[in-house]
Amino acid sequence: MKMIFLRSVAVAVLSALMSAPVLATPDLANGKTIDQQKCYACHAKKTGFGNGDMIYTRSDGKVKSLADLKKMVSLCNAELRLDLFPEDEADVSAFLNKQFYKFKP
């Protein structure tokens with residue numbers, strides 16, 4: 001009886017571990033590609049100077065933390081219907097953070 005219980009517990013624990021989400025390391029190259037293809041031109045137009053990177057480095061920026069950055073990437077994705085998957089949003093956020101913002105995780 002004790003052995004059956006232990007097997008049941010082991011199966012339950014293994015099942016829980018297998019169904020847990022895997023935290024993947026962001027793909028910075030993918031984030032850069034997406035930024036260049038889907039973000040840069042719009043940001044260049046918004047700044048009025050033809051430089052899409054200026055939106056990330058402006059002094060009156062809305063992004064003050066890594067959480068803000070992730071929210072902004074998600075908002076742009078939804079509002080502009082960019083059709084990015086959640087892992088793409090994570091890649092873009094990671095790339096922008098490394099390249100411009102330098103927030104600590």
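Provided above is the structure to which this section pertains.
Residues numbered from 1 in each chain as written. Predicted model: local features only at pLDDT ≥ 70, side-chain atom pairs only at ≥ 80, totals over all residues. Heavy atoms only, no water.

(A) Quick look at the overall build of the chain. If you tally the helices and strands in the chain, you get five helices and zero strands. The secondary structure elements of the chain, listed N-terminal to C-terminal, are α-α-α-α-α. Counting over 105 residues, the chain shows a buried share of 26%. Within the chain, counting contacts between residues at least 6 apart in sequence, those at least 24 apart form 54% of the total. Carbon and sulfur atoms make up 62% of the accessible area of the chain, which totals about 8,000 Å². (Helix = DSSP H or I, 4+ residues; strand = E, 2+ residues; numbered from the N terminus. Buried < 20%, exposed > 50% of the residue type's maximum accessible area, 1.4 Å probe, protein only. Contact = heavy atoms within 4.5 Å. Areas by Shrake-Rupley, 256 points an atom, 1.4 Å probe, with all protein chains shown as cover.)

(B) Structural context of the side chain of aspartate 88. For aspartate 88, the location among the structural elements is in helix α5 (residues 86-101). Put simply, aspartate 88 is tucked away with no salt bridge, and the nearest opposite charge, on lysine 38, sits 7.2 Å away. (Lys, Arg positive; Asp, Glu negative; His and termini not counted. Salt bridge = Lys/Arg side-chain N within 4 Å of Asp/Glu carboxyl O.)

(C) Inspection of the layout of surface pockets at higher detail. The computed volume of the largest pocket comes to approximately 550 Å³. Along the wall of the largest pocket there are 25 residues; nearest its centre are His43, Lys46, Ile55, Met72 and Cys76. When contributions to the lining of the largest pocket are tallied by element, the ones reaching two or more residues are α2 (28-47), α3 (54-57), α4 (66-79) and α5. Among the residues making up the lining of the largest pocket, the classes are represented as 16 nonpolar, three polar and six charged. (1 Å grid on protein atoms, 1.4 Å probe; cavity = no way out; pocket = protein on both sides within 12 Å on 5 of 7 lines; lining within 4 Å. Points joined across faces, edges and corners; volume = space filled by probe spheres on them. Nonpolar A, V, L, I, M, F, W, Y, C, P; charged D, E, K, R; others polar.)

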